[in-house]
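Here's the letter readout for the chains.
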2 protein chains.
Amino acid sequence: MQSKTNVLTAEDMALMQREISVSEFFAKNRHLLGFDNPQKALLMAVKEACDNSLDACEEARILPELYIEIKQLGEDRFIVSVEDNGPGIVRDAIPNIFGKLLYGSKFHAMKQTRGQQGIGISSAALYGQLTTGKPIKIISKTRKDKPAHYFEIHIDTNKNRPEIIKDEVVSWKKEHGTRVEIELEGKFYRGKHSIDNYLRQTAISNPHVKITYQPPDTEELVVYKRSVQELPVEPLSIKPHPHGIELGMLISMAKNSSSGYLKRFLQTDFSRVSTKIAEEIARRANIDSKKKLSSITRDDFDALYRAINLTKIMNPATNCLSQIGEEGILKGLKAVIEADFYSAVSRSPAVYRGNPFIIEAGIAYGGKQPLEEPAELLRFANRAPLLYQQSGCAITEAVINTSWRNYNLAQPKDAMPIGPLTILVHMASIWVPFTSESKESIAHYPEIIKEVKLALQECGRKVGLHIRKKIRQADETKKRSYIERYIPQIVIGLKEILNLKEKETNKTTKNLYVILEKTRRRY
Amino acid sequence: MQSKTNVLTAEDMALMQREISVSEFFAKNRHLLGFDNPQKALLMAVKEACDNSLDACEEARILPELYIEIKQLGEDRFIVSVEDNGPGIVRDAIPNIFGKLLYGSKFHAMKQTRGQQGIGISSAALYGQLTTGKPIKIISKTRKDKPAHYFEIHIDTNKNRPEIIKDEVVSWKKEHGTRVEIELEGKFYRGKHSIDNYLRQTAISNPHVKITYQPPDTEELVVYKRSVQELPVEPLSIKPHPHGIELGMLISMAKNSSSGYLKRFLQTDFSRVSTKIAEEIARRANIDSKKKLSSITRDDFDALYRAINLTKIMNPATNCLSQIGEEGILKGLKAVIEADFYSAVSRSPAVYRGNPFIIEAGIAYGGKQPLEEPAELLRFANRAPLLYQQSGCAITEAVINTSWRNYNLAQPKDAMPIGPLTILVHMASIWVPFTSESKESIAHYPEIIKEVKLALQECGRKVGLHIRKKIRQADETKKRSYIERYIPQIVIGLKEILNLKEKETNKTTKNLYVILEKTRRRY
């Protein structure tokens, strides 16, 4: 017999249903946002603030200057502050940006930015609040002649909305910019997953940025100087490419469109659709190209969707992308890594699921880098370093699947190449397909892996040539020294056999050196 | 000189800020929910519907009967339908449950359920809509004497709310239950990550469930019969344990509490806090235990939080958990896997971050399982099988870190044991810490890994004894057959040496057999 305690009816269950706020959801699931443990949380807070600062500076075409400070308050308590010289934030926009999850300007724009989701900085604020109960503090100023605004903001997790604790006008020496301060539970480490390493890598991929960093455990400032004096080319927003759209998306775009009829909808709501292409699609779908959008049926959409995918359409425009460029990568690497040889490659744009992207790669070889260890891999997405989950990343897969032995480097099976080298890979895209919301690794799209491999092969060949040259030079020096050592002996032999005089002997010696010089000068 | 096109001011940027709906967010990031590719999507849709059905049946104390059907419409188009004999859903609750993300009854309950977040079934509906444009279809009936309701529901992604396409009263033969139908893009496969395997594992961990499955590629029904005739013990809701609470959570609980003053708040809003413990906490924090909650300052909360963590508090109650039980595991394994030997262990409850949990393990050894392959690992969380991301799961780590050689099994370094065995591990908890929203693997909490290892060791020892016994038996049989073969020879020798008569010879032979029997009977 079954117990009757707590047996629920459909009516009981219906009464228990309620809405869950996004903040509650992410508070309980904060590992989804990268706040798994105190060490990572500290890094994530810095990263989210820096991403926002750099995006804002670049959108306002200001050469970025960041000041990052970590203060230690107790064994596991820290204050992270990040200050920029960006355009500032308008007063009324501040509370929602920092006190509401899923709020922002980047989610709906098809544009290359570091932030994508409107969830980063508010999730750092949420983590701080959960672990210390303290609000996020913001100062922002938009113009020299305007006041600076100071806010302290809590997130009301039940409602996912900001609760303003303080809202004051303050004086601030800066002409414009924003300063964000978060108190949180954390752990400070140095090493692979450290803030130091994150900033070092940020400096490499953003040679136009000046970074000043005050760590908690020393008085000494760490400064990364600007090595490129110009802002990167500005990425533009684009419209979606027809080949990147799913059926459901197509229906929903048509529903929300103000284009009126089919042909205009295809031409104006998508990129790369000319009159001719629009008509071709309509013809293929067997729908009148002048048909009103509101009268298009579900079956029509089905046909339309198939027709779009059967029609050849020019690849998406790529002026929406902003690469670091070969020169930028070389400067970035040289500024931070001491090596003998540098190479860099910036590939032409490619497309996955209708999203254009560019892969760039760089290699720094030799110098004081360890001889017998696996190469260091630096992964970047839209110029932001990826520090965690290296093994799950498409970039890592591409590196491992490249045959580094072809380039005179040792490589154990299914592993990174061994040698004194650093490998950099950068993916720039309007939509980087991260495997998780914490933006730590890139999903395994075959198109992306292929492009990374091609970039690495191009870089690899140059490095391989350099290594081969070095090997030959070493061989050469060795051979040369052998021959030089034996020339006098040969001359003595010749002298005895041919009965040479002193003068002839000297001339022969000289000739032998000349021949050695001529035949082996090549390298 | 910098270009002036598209340079944005703080004001421009403020105008671009807007709210992002949860549906839009997950539509764009559907890999976070497990809808990465067509094969996995098909499985996820089945899994989310089954999880809901089983939870509902058990809450209503109904022995579950599931009917799952996959129909193939085109190369990559399928209809998934899942029908249960559960309590049904009240008409007015249907649209939100299926047409709104982050809506449900389980998120706020501290109770062991398969679903946790109120996001599963609506995300499957969202995926169907995105890939086919078709709405989710639901029939539900709560009682014999009530009508059945039929709904077709779209999700308005801009607003994260249901859009009702059809809402009709229909006749349905069932007394009560729910049927869900989703049309989606998918791929049907057999093998490790298949629906077949998912249902097979569900049958193992839920021996009280009857499953009937109609695959798309054959007429033949697959049936998993019920092997346990009783429902599992009913899990109860509990209040949070003080040691599982963070500072921010403590503050927010106090704010929303109706308990009035500190002592009562501690006693009534948490589990395991007696009057004595509440007073001890207050004393340690140096706060009057009668202090009004509304007058407690942030510094007080800080002190309170520290005091809670310094105070010894009884572990959380564990009647909130519902294990499969040793008998259930044995029955489940025997019903589905043919083997020579089965063992099962159900550990006592343990705690991580204030959340109680129970680990159970089972092993099926021998039979027709492959001799030279790694063991098959079946992972379960709250009775639901975990099919993906085996390598990233805490359970896998625990299996690999167990020394299987101690139990007479081969085990390569850092790998699964080799042999004819299946290993089952089940974690039951009010809150399973999944590493991602797609609920594929369990996070690496040391407490969890330790418990899994202890459970495996206990099972492993039993299997080890069985294997050793088998080895000894084999040895014994071999030795015995040797001796038996030589007894006649020995007797001939004895006969010659001692000059035995026929009768004595026979008696000696008999005696020798008796001795052999006596000395070697042990095994």
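1. Remarks on the side chain of H241 of chain B
So, step 1. Structurally, H241 of chain B is set in the loop between strand 10 (222-224) and helix 7 (247-256).
So, step 2. Of note is the side chain of H241 of chain B, whose polar atom sits 2.7 Å from the backbone oxygen of M314 of chain B.

2. So, the relation of the copies chain A and chain B
So, step 1. Superposing chain A onto chain B requires a rotation of 180 degrees together with a translation of 0.2 Å along the rotation axis, leaving an RMSD of 0.3 Å. Seen this way, the second copy is the image of the first under a two-fold rotation axis.
So, step 2. Both copies contact each other with a shared surface, as 100% of the interface residues of chain A are interface residues in chain B too.

3. Description of the interface of chain A and chain B
So, step 1. Listed by partner, the interface residues are 77 residues for chain A and 77 residues for chain B.
So, step 2. Both sides of the chain A and chain B interface together cover about 6600 Å² of buried area, and 53% of this is carbon and sulfur.
So, step 3. We note a salt bridge from D302 of chain B to R77 of chain A, for which the minimum N-O separation is 3.0 Å.
So, step 4. The interface formed by chain A and chain B holds 12 residue pairs in polar contact (both at pLDDT 80 or more) in total.
So, step 5. Breaking the side of chain A that touches chain B down by element, the ones donating at least two residues are helix 1 (10-16), strand 1 (18-19), helix 2 (22-28), helix 3 (38-59), strand 4 (103-104), helix 5 (120-132), helix 7 (247-256) and helix 10 (298-310) of chain A.
So, step 6. Looking at the side of chain A that touches chain B, the element that brings in the most residues is helix 7 of chain A, giving 6 residues.
So, step 7. Split into classes, the residues belonging to the side of chain A that touches chain B amount to 30 nonpolar, 25 polar and 22 charged.

4. Points about a nonpolar patch on the surface
So, step 1. On the surface, Y482, I483, Y486 and I490 of chain A cluster together into a nonpolar patch covering about 370 Å² of accessible area.
So, step 2. Position of I490 of chain A relative to the elements: it lies in helix 13 (residues 446-498).

5. Structural notes on the packing of helix 5 of chain A against helix 7 of chain B
So, step 1. Interhelical geometry of helix 5 of chain A versus helix 7 of chain B gives an angle of 80 degrees and a closest axis separation of 4 Å. Relative to helix 7 of chain B, the element helix 5 of chain A lies roughly perpendicular. Across the interface between the two elements, Q129, L130, T131 and T132 of chain A from helix 5 of chain A touch L247, G248 and M249 of chain B from helix 7 of chain B.
So, step 2. Residue classes in the contact of helix 5 of chain A with helix 7 of chain B are distributed as 3 nonpolar, 4 polar and no charged.

6. A closer look at the pattern of salt bridges
So, step 1. Scanning the model with the defined rule gives 49 salt bridges over all chains in all.
So, step 2. Between E376 of chain A and R200 of chain A there is a salt bridge, and its shortest N-O distance comes to 3.4 Å. You can see E376 of chain A sitting in strand 14 (residues 376-381) and its partner R200 of chain A sitting in helix 6 (residues 195-205), a full 176 residues away along the chain.
So, step 3. Two residues, E83 of chain B and K174 of chain B, come together in a salt bridge whose shortest N-O distance is 2.6 Å. Highlighted residues: E83 of chain B in strand 3 (residues 77-84) and K174 of chain B in the loop between strand 7 (161-170) and strand 8 (177-185), separated in sequence by 91 residues.
So, step 4. Each of the salt bridges in this network shares a partner with another, and the network as a whole consists of R77, K134 and E183 of chain A together with D302 of chain B.

7. Some remarks on the sheet that holds strand 2 (residues 65-74) of chain A
Residue and element names in this part refer to chain A.
So, step 1. The strand order 7-6-5-8-3-2-9-10 describes an open sheet built from 8 strands, whose pairing is mixed. Bordering the open sheet on either side are strand 7 (161-170) and strand 10 (222-224), each of which pairs with just one other strand. The sheet shows a mean angle of 15 degrees between the axes of neighbouring strands, direction not considered.
So, step 2. Bridge count for strand 9 (residues 210-214) against strand 10 is 3 bridges, and the pairing is antiparallel. Among the inter-strand pairings, T212 is bridged to a residue of strand 10, identified as V223.

Parameters at a glance
- Residues numbered from 1 in each chain as written.
- Chains lettered and ligands numbered in written order.
- Predicted model: local features only at pLDDT ≥ 70, side-chain atom pairs only at ≥ 80, totals over all residues.
- Heavy atoms only, no water.
- Helix = DSSP H or I, 4+ residues; strand = E, 2+ residues; numbered from the N terminus.
- Polar contact = N/O pair within 3.5 Å; in protein donor to acceptor, adjacent residues only side chain to side chain.
- Least-squares fit on C-alpha atoms with pLDDT ≥ 70 in both.
- Contact = heavy atoms within 4.5 Å.
- Buried area = accessible area lost by both parts, 1.4 Å probe.
- Salt bridge = Lys/Arg side-chain N within 4 Å of Asp/Glu carboxyl O.
- Nonpolar A, V, L, I, M, F, W, Y, C, P; charged D, E, K, R; others polar.
- Patch = residues over 30% accessible without salt bridge, like charges linked within 9 Å, V, L, I, M, F, W, Y side chains within 5 Å.
- Areas by Shrake-Rupley, 256 points an atom, 1.4 Å probe, with all protein chains shown as cover.
- Axes fitted to C-alpha atoms, helices over the stretch in contact; angles between N-to-C directions.
- Parallel < 35°, antiparallel > 145°, perpendicular 65-115°, else oblique.
- Pairing = 2+ DSSP bridges.

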